Amino acid sequence: MEDQDDGTNTTSAVMAAFKSFQLELDTKHDKYERLVKLSRDITIESKRTIFLLHRVTSVPGVAEVLAESEVKLDGVRLKIKQIAEELRGQDLHQYHRAFTPGIQEYVEAISFQHFIKERALISLEEINKKLIFVKDNTKEAEGTSSESIQESREGAVYFQVTPTDYLLGIADLTGELMRMCINSVGNGDIDTPFQLSQFLRQIYDGFSYIGNTGPYEVSKKLYTLKQSLGKVEDACYTLRVRGSEIPTHMLADVFTTRAALIDPDEGIS
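Within each chain, residues carry numbers counting from 1 in the order of the written sequence. Selection of residues for local features in this predicted model requires a pLDDT of at least 70, selection of side-chain atom pairs for listing and counting requires 80 or more, and totals for whole chains, interfaces and linings are taken over all residues. Only hydrogens and water are set aside when side-chain values are computed; all heavy atoms of the structure are taken into account.

### Some remarks on the overall build of the protein
And step 1. From N to C terminus, the protein includes eight helices and three strands.
And step 2. Helix and strand assignments come from DSSP, with helices taken as H or I runs of at least 4 residues and strands as E runs of at least 2, each series counted from the N terminus. Seen in sequence order, the protein has helices and strands lined up from the N terminus as α-α-α-α-β-β-β-α-α-α-α.
And step 3. Counting the 269 residues in the protein, one finds 43% classified as buried.
And step 4. Two residues qualify as a contact provided that any one of their heavy atoms is within 4.5 Å of a heavy atom in the partner residue. Nonlocal contacts in the protein, meaning residues at least 24 apart in sequence, comprise 71% of its contacts between residues at least 6 apart.
And step 5. Exposure was quantified through the Shrake-Rupley algorithm and a 1.4 Å probe, taking into account, for residues, occlusion by the shown protein chains and nothing else. Here the protein displays about 15,000 Å² of accessible surface, and carbon together with sulfur accounts for 51% of that area. Each residue is placed in one exposure class: buried if its accessible area under a 1.4 Å probe, protein chains only, is under 20% of its type's maximum, exposed if it is over 50%, and partly exposed if it falls in between.

Set out below in structure tokens:
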């Protein structure tokens, strides 16, 4: 009888342990799914911001477009704050794949906005300064953090973009700059393509220094980056050499056709 009781107790202990494992796994899975949903929302709103910013090549009120884009990015940052709260006290790397697409898209959007304002590349530190949220949810504090997620003594929640996500977002930015080049020419702006060409060349040189020594995802983006640079340089060549031969209203069509010949699988949007 005592042997049966011992066996029953052992079985109960094992079942209790597995139930605790099940609860832990279910909790992690639910958190992962919430992060995936937040990442999708961030991606959607960031893309909308990028589409909005492309209007600067065709409207006179650039300041109004930038102000509207800032409002949209503020909404995106609130979503990122929710990610930071979900990850409080958790291992970032266990959930990184759940939200990295959204963060990369946010980096692309805010770097595009920064370029339009300053004609310069936004740094990782500048991006992270905007992702420090104080307790009352109405202000942002400035500063940086060495960890991915931290909570300060005042109750602020920190979200810090990883260097890899930053690089991947900047690599995607080059595609938007290429589209901006084509759109600018179509609207009679001849100076912007040459500015973009020089800027993209600097970015490409920076990525070339990383080469195959960086993360695998970064090296994959290098080919697309080179294609974007080639299209912009081709547009600048056409403007410099044949610009006087092509009517202004036909320049955009010429560049779109040439870009499609370089990469038939990628349309210009």
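### Details of helix α6 (residues 191-210)
And step 1. Multiplying 1.5 Å by the residue count of a helix minus one yields the expected span of that helix. Its 20 residues give α6 an end-to-end C-alpha distance of 30 Å, which sits within 8% of 28 Å, the value for a rise of 1.5 Å per residue.
And step 2. The complete set of buried residues in α6 reads Thr192, Pro193, Leu196, Ser197, Phe199, Leu200, Ile203, Tyr204 and Phe207.
And step 3. As for α6, its buried residues are in contact with α3 (92-118), α5 (163-186) and α7 (216-242).

### Here's the deal with the packing of α6 against α7
And step 1. Packing of α6 against α7 brings their axes to within 9 Å, and their N-to-C directions diverge by 155°. Looking at the two axes, α6 sits roughly antiparallel to α7. Our pair here, α6 against α7, has a crossing hand that is left-handed. In contact with Pro193, Phe194, Leu196, Ser197, Leu200, Arg201, Ile203, Tyr204, Phe207 and Ser208 of α6, α7 contributes Val218, Leu222, Leu225, Lys226, Ser228, Leu229, Val232, Glu233, Cys236, Leu239 and Arg240.
And step 2. Residues are sorted three ways: Asp, Glu, Lys and Arg are charged, Ala, Val, Leu, Ile, Met, Phe, Trp, Tyr, Cys and Pro are nonpolar, and all the rest, Gly among them, are polar. Its residues placed into classes, the contact of α6 with α7 shows 14 nonpolar, three polar and four charged. All axes are obtained by fitting lines to C-alpha atoms, using only the stretch in contact for helices, and the reported angles, taken between N-to-C directions, cover 0 to 180 degrees. An angle below 35 degrees is read as roughly parallel, one above 145 as roughly antiparallel, one from 65 to 115 as roughly perpendicular, and any other as oblique. Put simply, a crossing is left-handed when the front helix is turned counterclockwise from the back one by less than a right angle, and right-handed when it is turned clockwise.

### Concerning the pattern of salt bridges
And step 1. In what follows, salt bridge is the name for a side-chain nitrogen of Lys or Arg lying within 4 Å of a carboxyl oxygen of Asp or Glu. The final tally for this structure, using the stated rule, is 15 salt bridges.
And step 2. Among the salt bridges present, the one from Glu70 reaches Arg77, with a minimum N-O distance of 2.7 Å.
And step 3. The exposure class of Glu70 is partly exposed, given its relative accessible area of 22%.
And step 4. The residue Glu85 makes a salt bridge to Lys81 at a minimum N-O spacing of 2.4 Å. Taken together, the positions of Glu85 and Lys81, both in helix α2 (residues 62-86) and four residues apart, correspond to about one turn of that helix.
And step 5. By relative accessible area, Glu85 is classed as partly exposed at 37%.

### Quick notes on the environment of Val65
And step 1. For Val65, the position within the fold is in helix α2.
And step 2. Overall, the relative accessible area of 2% leaves Val65 in the buried class.
And step 3. Considered as a pair, Val65 and Gln113 are 48 residues apart in the sequence and their alpha carbons are 9.8 Å apart.

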